[in-house]
Every structure is written in structure tokens, then in C-alpha cells.
Amino acid sequence: MTKNIKYRVLGVMSGTSLDGLDLAVCTFTKNTNWEFNIEKSETQKYSDYWKSTLANLHTKNKEIIAQTDNEFGAFLGDKINAFLSNVKVDFIASHGHTIFHQPQNNYTLQIGNGEIIAKITGIPTINDFRSLDVSLNGQGAPLVPIGDLHLFANYKYCINLGGFANISIKEKNTIIAFDICPVNIVLNQICSKLNIEYDNNGDIAKKGKLIPELLQQLNQLDFYKQSSPKSLGREWVEEHINPIIKNQKPKDILYTFCEHIAIQIGFFLKDESALFTGGGVFNNYLMERIRHHASSKIITPSNTIINFKEALLFGFLGVLKSRNEVNCLQSVTGAERDNCGGVIHQI
């Protein structure tokens, strides 16, 4: 792939909270600095079949996982074709959907076969952005900080509230980043016990009561005492969070867990400004509690950036990969070196 000055890319993101498939056509222009524009974007909800398949795939055998990787790749290819219709893009950058994330075991897996996407769409596709970093003994996460550094330089802190909360912290010309705590992966799980997908505006959490001993247990989990680089996955939630939140009223767990999230995030926001994106930003009650615990000025951008920043940033990771430039930072993941992650599937 040649080095252009301007790229039009489709970024594709599927988050751990299973709220849908994010598709964003983005342009990136390199002058002195990188600039971006989100031209067209859409979140497509998952059918019950895909929700259930993606939520339970980690319990299946290797053959079923490999088969689903292909099936999900074909599903993505069809969705992309329908979404793009007459829009031309240089390539697709797809995060895929994370099934396993175990950097301590040198293993991470995002399904959504890139070769199949390229074949169905007839468009070069870049995917598998995490494996190289993990093979270099890095966390393979978070991956968005390189985009925070180049595209959102005006903010000292960038926080994404998705399945998990991750933060990028900029000091002069350096950046560190790590996962802070679980967010929607736990909140939505609690809501499923009430037969709803999510707590709209945090209305249910707001009516709950604090469970002080649960809050204390959550805040004392070992992960919070570890220094970065560090990252979280579904496995950690199942092992450390699920056992301590059962046997309590759902609305009280929601209230307490929102308080826990706000305390953990607020701890890092000491000054200047913090840009918040991701679906959790629409949880008004949670944002109210974060404002209470943070000292930074909390900034929420347009809904398009709130919803599609991750898809945008994976598009940008794809641009850097196409230019053979660093897209994964040692300072963030703890890998042996800065690296250029992603696998390019030509047509």
C-alpha cells in the first residue's frame, strides 16, 4: 500500500458490551498534523442469534470457534456491502469481536475473518490488530492511544466508557494508557436479570441504595493496585466481579457499581480536561457521579464522536498499518518495542 496524503477508510468495531456493530466511513488527511472527518456512520444492532453466539463462544471448542470466525467474517462482509452501497473506500479496518483476551498467556482472539471480509466486499481489509503486540509480551490493549495522541491532542485525558473504561493520559510528548475498570459489561449483565438490555440514563441505578461492603470489596480488588500497563477482559469479570455481586438487589448493585466506576475513574482525573466517549456517556447518572469524583473538566463531544470514536480510531490504526508506521505503543502496552499491528488481506 502506498503512502497517500488522504485516505477514506471504513472503521468497523464490535465492543464487548454487545450493543451492536459500529460502522464509520472516515477520512484522514496528513498535513503537518493528522485531521479526520466522520462522513457516514451507523450502529447496527445484533440479532438474538449473534448476541447469544458472541456471548457464549468462549465456552465452545476450537472447531466451533474457527467455524464462527468464518461465519462472522461473512456476516461482516454482507453488512459492510449494504452499508457502503455506493461509497468508495481505500480499505476496511476491522477490530472484530474479542472472544479471548489473556495477554498473561500470550493469547488474544478477535473473530471476524479478514480474508473472508475482503473476498465478499472486494475491498482490502486489515484486521487482527492485537496479536503482534501480545506476541511481543505486551497487553495488546488499549489500542486507541495512538489515535488519542494524533487526533485528540487537545485533551490531557481521553476516556472511553464501553464494556470497560480505558484512559489515555498525555504528559508533554508521552502517553500512557490502560484499562481502568469494567463498565457496561457489568451494568448490562445486571440489567439482563431485569429483562432489559441496559439502564436507560441510569434511571434504575439512581433509585438504588449503596451497599457499602460491596463497594469496599470492589475497590479493594488487586487489579486496581497494579501499575500500568494493564488491561481487562471478560475472563477477569467472571472470576473477580460476578462472584461478589450475586445475591443482591439489581438496582442496589447498579447504584453501587456506578459509584465504584466513578471512584476508579475520578482517581485519575486530577486537572485540565477529559474527553469522554463511548456508550456509557449516555448514562446520565453515571456521568453525574464521575463529575462528583473528578477534578478535571469533563467534556462530551458530538454524539457522532461519542458513538464512533473507536471505529474511527481503528480506521486510523489501519491507515498507520498501510503506511507501515507505528500504531501500537510500548509505553501503553508494555511490549518489547513499539510495533505496527494488523494483518492486511488484499483482494
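The preceding data block contains the structure.
Report follows, based on the coordinates. (Residues numbered from 1 in each chain as written. Predicted model: local features only at pLDDT ≥ 70, side-chain atom pairs only at ≥ 80, totals over all residues. Heavy atoms only, no water.)

All right, on to the sheet that holds strand 4 (residues 91–94) then. Pairing in this open sheet of 6 strands is mixed, and the strands run 3-2-1-4-7-13 from one edge to the other. Either end of the sheet is taken by a strand with one partner, and the two such strands are strand 3 (34–44) and strand 13 (343–345). If you compare each strand with its neighbour and ignore which way they point, the axes differ by 25° on average. As judged from the 9 bridges shared by strand 1 (residues 6–14) and strand 2 (residues 21–30), these two strands associate in the antiparallel manner. Residue pairing in the sheet places glycine 11 in a bridge with alanine 24 of strand 2. Of the strands in this sheet, strand 4, strand 7 (125–127) and strand 13 touch helix 3 (residues 114–121), which is tilted by about 160° from strand 7. Here helix 12 (residues 303–322) sits on the sheet in contact with strand 1, strand 2, strand 3, strand 4, strand 7 and strand 13, set at roughly 120° to strand 3. (Pairing = 2+ DSSP bridges. Helix = DSSP H or I, 4+ residues; strand = E, 2+ residues; numbered from the N terminus. Axes fitted to C-alpha atoms, helices over the stretch in contact; angles between N-to-C directions. Contact = heavy atoms within 4.5 Å.)

Viewed as axis vectors pointing N to C, helix 6 (residues 184–192) and helix 9 (residues 234–245) meet at an angle of 50°, and their least axial separation amounts to 11 Å. The pairing of helix 6 with helix 9 is recorded here as oblique in orientation. Helix 6 and helix 9 meet at a crossing whose hand is right-handed. Contacts between helix 6 and helix 9 involve Ile185, Val186, Gln189 and Ile190 from the former and Arg234, Val237, Ile241, Asn242 and Ile245 from the latter. Here the contact of helix 6 with helix 9 is built from residues that sort into 6 nonpolar, 2 polar and 1 charged. (Parallel < 35°, antiparallel > 145°, perpendicular 65-115°, else oblique. Left-handed = near helix turned anticlockwise from the far one by under 90°. Nonpolar A, V, L, I, M, F, W, Y, C, P; charged D, E, K, R; others polar.)

Time to look at the sheet that holds strand 12 (residues 297–299). Overall, mixed pairing links the 5 strands, which are arranged 10-9-8-11-12 in an open sheet. The outermost strands of the open sheet, each flanked by one partner alone, are strand 10 (174–182) and strand 12. Each strand of the sheet is rotated relative to its neighbour by a mean of 20°, with strand direction disregarded. As judged from the 3 bridges shared by strand 11 (residues 273–277) and strand 12, these two strands associate in the parallel manner. Each bridged residue has a counterpart across the sheet, and for serine 273 the counterpart in strand 12 is lysine 297. Helix-sheet contacts for helix 10 (residues 250–266) involve strand 8 (157–161), strand 9 (164–171), strand 10 and strand 11, and the interaxial angle to strand 10 is about 165°.

Further remarks concern the pattern of salt bridges. All chains considered together, the criterion is met by 10 salt bridges. Across the pair aspartate 222 and lysine 225 runs a salt bridge whose closest N-O atoms are separated by 3.7 Å. Like aspartate 222, the residue lysine 225 is exposed in the burial classification. Note that glutamate 238 and arginine 234 form a salt bridge whose closest N and O atoms lie 3.1 Å from each other. With glutamate 238 and arginine 234 both in helix 9, this residue pair falls 4 residues apart, about one helical turn. A relative accessible area of 18% places arginine 234 in the buried class. Linked through salt bridges whose partners overlap, the residues forming this network are Lys156, Glu171 and Asp271. (Salt bridge = Lys/Arg side-chain N within 4 Å of Asp/Glu carboxyl O. Buried < 20%, exposed > 50% of the residue type's maximum accessible area, 1.4 Å probe, protein only.)

Leu161, Ile241, Ile265, Leu269, Phe276 and Ile290 are the most contacted members of the largest nonpolar core, which has 47 residues in total. When residues in this core are grouped by element, the largest group, 7 residues, is from helix 10. Ignoring sequence-local partners within four residues, the contact set of isoleucine 265 consists of Leu161, Ala165, Ile180, Phe276 and Ile290. Val9, Ile126, Phe152 and Leu317 belong to the second-largest nonpolar core, a separate cluster that totals 34 residues. (Core = buried A, V, L, I, M, F, W, Y, C linked by side-chain atoms within 4.5 Å.)

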